[in-house]
Amino acid sequence: MTRVVAILKDPVVVAALIAVLLIAIGGILRPGFASPDQIVDMLRVASFLGIIAIGQTIVVLSGGEGIDLSVGTVATLGAILASRTMAGDDALIVPGVLLALGVAALIGLANGLGIVLLRIPPFVMTLGMLGVVGGLILVVTGGRADGRAAPALVSLVNGRDVLGLPGILLVWIVLGVVVTLVLRRTVFGARLYAIGTSREAARLSGVPVRRVTVSAYVLSSLFAALGGIAMVGYSQQVFLNLADDLTLPSIAAVVIGGTLVAGGVGGYLGSAVGAIVLTVLTSLLTTLAMPEWARIVVQGVVLIALLAVYGRQRRLRS
Amino acid sequence: MTATATQAAPATSFVDRVRGVRVASWATAALLVVAVVAAIALQPNLLTPYGVASTFATFLPLVLVAVAQAIVVIGGGLDLSAGAIVALSSVVAVQTMRGEDGLLLVGVAAAVATGVACGLVNGLVVSRLRLQPLIATFASASIFSGLALLVLPTPGGTVPAVLTGTFRQAIATVPMSVLLVVAVVLGWLVLRRTRVLRHIRATGGDPAASYASLVPVQSSQLASYVLSGAICGLAGLAVLGNAGSGDPFIGGDLALNSVAAVVVGGIALRGGIGSPIGAIAGAIILALSSTILFSIGLPTSWRALAAGVVVILALALSALGAPRRRR
C-alpha cells in the first residue's frame, strides 16, 4: 500500500497522469482529439520542446540558481543558421547542422564562462545573452528570414517513416535515453548532481566545479539549437521568432517533471513528460478555440500552480 | 548628544561601509561620467535644452522601472515581470482615457492601480506561496502580457494631448522629464527612513535574522512588490507620454535592462545592499550607451547586437568591480 502511495507521489507519474487526463478531457469535448493520429501529431510537436528541455534540465540540475533564459532565441538562431545553410538542399544538411551547433556551443561557452569566471548570476548572464543572440539574429538575417529546411529534414519531422511514426520521435527517444544514461551512469552525471546538491562539498571532494558548470551551459545551448533545427523541419520556412516563446515552457517542463529548481534532484524523464503535458495543454486550448491572450495567461497560471505544488521554499519558522 | 552617538558607532562598521558600498558607487559614478562625456562629445546637441528634454523623456521609463526593480532587489526579490507590468498598465491607461484630456487623472489612477494589482499578485505569490521570485515572476510576466493583449490586441489608441504635452513641457527652463527624475530621487531620500523601507532592506539582507527580530518578513516582501508595481504603473504612463499611443508588446527589453541597471548601479542581487539612486545612474549609463551607439552611425541591423553586448559588458564590469565573496 505504501508502495502504491509512493509511486503516486512521484512527480513523473503525476505528470503522466495529468497528460492522460488532458487527452481524455480533449477526447470527450472534441471527438477526434484523442485519436492515434492526433496523439502522434502532438508528440511530434512535443519533441521540439522536449529536446530543448534536455539542456534546461541539465542546467537546472547543476544548481547554483542555474537556469538558461536564452534557450528560446538560441533555438531560433540555430534554426536560422541551419536552414539558411541548407537552403532546401539535402546535401547541405550536415554543414548546416554543424554550423548551428558550433555557434550554439560558443554561445553556451560564453554563458558558462560569464557565470563561472565573472560570477554573473546565471539568470542575468543568460538574460543578457538573450539580448545578444536576438541582435545576432538581426545581423545574420538583416531582418529578413529566408532559410528553407532540406527535404530530408522535413520528412524526418513530418513524415511517418519509422514504423509509421515520425523519425523525430525516434531521435527524441534516443536522445532521452542517452541523456538519462549520461546523467545516471557516467562520471559527468555524478559530478553534475554533486555540484547541484552542494558546490562547496563537491569542490572539497575534488569535483572540477567550474568545468562541469561550463559544460552544462554548453550542452544547454547545443540541445536548444537541435530543438530549433527540428522545429524548422516542421515549419519548413524559418521565422525570426520561430522558437523564442519556448523558453518559459522549457522551464515549466523541467518543473513539472519534478526536477528541483534548487538543483541536484530530478532527471530527464520527468522533463520529457512535462513537455508532453504542456504540448497537450496547448493543443487542447487551441482546439477549444481559446484566443492567443488566454493561452499565454494559462501558461503562466499553470507554471505558478505547479510551482506552488512542487517548488515551495522553506518556511522561516522551522 | 550627537557627538556621543557618533563616537559610540563601532569603527568596523564604518570601515566596512567604505569598503563595501563605496567601491560599487564609485564605479557607478565613474561609468556615469564616462558615458555622459562620451555622449556629449559624440553628439554636442545633447546639451541644448531640447536635447536634454527629449533625452530624459526617452530615458524616463527605464529610469522608473530601474527604481522599481531596485526596491524589489534590495528586498531580496527579483521582478522579471516589470516590463509586462509596464505594458499592461500603459494599455489599460490608454483604454480608460480614450484620448480625452478630461480623463487624464482617471487614466493615471488606472495605470497605478494596475501596477499595484500586478505587484500584489507577484508579492502574494512570492511571500505567501513562497515560490522562487525568478521563476514566479517569469511566469507572472506571461500572465500580464497575455492580459495586455486582451486589453489592446494591436498597437494603437490615442493618448490625451495633455499627457504628451505635459511630458514635453519645461518649468522655469527645467524640462519636465528631468524634474520627474529629481522628484523620484527626492521621494526616495524622504521615504528611505520609513519603517516599511527599512523593513524591506532588512528582509533582503537576511530574512531569517529579520524574522527573528520581529520584522514582518512576508509583509515586507509583499510591500516591496506592490511599491515596485505602482512605480511600473507610472513608467507605463511615461511610455505613453513618449509614444503617443498604446502598444501591448512594449516592455520586452525593460525587465532585462532594469536588472542590468540595478547591477551597474551597485545594488547586490543577493539583497539588502544599495540604493535606487544607483539604479537611476545605472539606467542613465545604459541608455546613454545606446545613444552613443546610435550616434556613431552603426547600421540598423547591428544596433540590437551592440546594445546586447553593452549590457553584457556592463554586467561584466560591475561583476569585476564588486567585492569577491564566496556565497
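Everything quoted here is computed from the prediction, not taken from an experiment.

## Points about the overall build of chain A
Within chain A, the regular secondary structure consists of 14 helices and zero strands. In terms of overall dimensions, chain A has C-alpha extents of about 55 × 50 × 35 Å along its principal axes. When each of the 318 residues of chain A is scored for burial, the buried share is 51%. In chain A, once contacts between residues fewer than 6 apart in sequence are set aside, the share between residues at least 24 apart is 75%.

## As for the overall build of chain B
When its secondary structure is counted, chain B shows 14 helices and two strands. Dimensions of chain B, computed from the C-alpha atoms along their principal axes, are close to 60 × 45 × 40 Å. Out of the 327 residues belonging to chain B, those deemed buried represent 51%. Sequence separation of at least 24 residues holds for 79% of the intrachain contacts in chain B that already meet a minimum separation of 6.

## As for the interface of chain B and chain A
Contact with chain B, which involves 42 residues of that partner, is made by 38 residues of chain A. The set of elements that each furnish at least two residues to the side of chain B that touches chain A consists of helix 6 (133-151), helix 10 (207-212), helix 12 (254-264) and helix 14 (300-321) of chain B. Per-element accounting of the side of chain B that touches chain A gives the leading share, 14 residues, to helix 14 of chain B. Taken together, the residues of the side of chain B that touches chain A break down into 33 nonpolar, seven polar and two charged.

## Focus: the packing of helix 3 (residues 36-61) of chain A against helix 13 (residues 268-287) of chain A
Residues and elements named next belong to chain A. Running from amino to carboxyl end, helix 3 crosses helix 13 at an angle of 140°, the nearest separation of the two axes being 8 Å. The angle between helix 3 and helix 13 places the two elements in the oblique class. With respect to the hand of their crossing, helix 3 and helix 13 are arranged in right-handed fashion. Seen from helix 3, the contacting residues are Met42, Leu43, Val45, Ala46, Leu49, Gly50, Ala53, Ile54 and Thr57; seen from helix 13, they are Tyr268, Ser271, Ala272, Gly274, Ala275, Ile276, Leu278, Thr279, Val280 and Ser283.

## Digging into the nonpolar core
With 209 residues, the main nonpolar core has B:Val63, B:Leu64, B:Ala66, B:Val67 and B:Ala283 as its most contacted residues. Here this core gets 16 residues from one element, more than from any other, and that element is helix 11 (residues 209-235) of chain A. Apart from residues no more than four positions distant in its own chain, B:Val67 is found in contact with B:Val184, B:Ile231, B:Pro276, B:Ala279 and B:Ile280.

## Observations regarding the UniProt feature "transmembrane region" (unreviewed entry) in chain A
Residues and elements named next belong to chain A. The UniProt record marks residues 12-30, 93-116, 123-143, 163-183, 212-234, 246-265, 272-290 and 296-312 with the feature "transmembrane region" (unreviewed entry), using the residue numbering of this structure. For residues 123-143, the end-to-end C-alpha separation is 27 Å, with 90% helix and 0% strand making up the annotated structure. As annotated, residues 212-234 comprises 100% helix and 0% strand, and the C-alpha atoms at either end are separated by 33 Å.

## Some remarks on helix 7 (residues 151-158) of chain A
Residues and elements named next belong to chain A. If you check which residues of helix 7 are buried, you get Leu153, Leu156 and Val157. Taken end-on, helix 7 shows its buried residues confined to a sector of 90°, consistent with a single buried face. Of the surrounding elements, those touching the buried residues of helix 7 are helix 3, helix 5 (93-116), helix 8 (167-185) and helix 11.

So, how was this worked out
Residues numbered from 1 in each chain as written. Chains lettered and ligands numbered in written order. Predicted model: local features only at pLDDT ≥ 70, side-chain atom pairs only at ≥ 80, totals over all residues. Helix = DSSP H or I, 4+ residues; strand = E, 2+ residues; numbered from the N terminus. Buried ≥ 20, exposed ≤ 12 C-beta atoms within 10 Å, placed from the backbone. Contact = placed C-beta atoms within 7 Å. Nonpolar A, V, L, I, M, F, W, Y, C, P; charged D, E, K, R; others polar. Axes fitted to C-alpha atoms, helices over the stretch in contact; angles between N-to-C directions. Parallel < 35°, antiparallel > 145°, perpendicular 65-115°, else oblique. Left-handed = near helix turned anticlockwise from the far one by under 90°. Core = buried A, V, L, I, M, F, W, Y, C linked by C-beta atoms within 7 Å. UniProt positions renumbered as here; feature names shortened; annotations may be inferred. Arc of directions from axis to C-beta.

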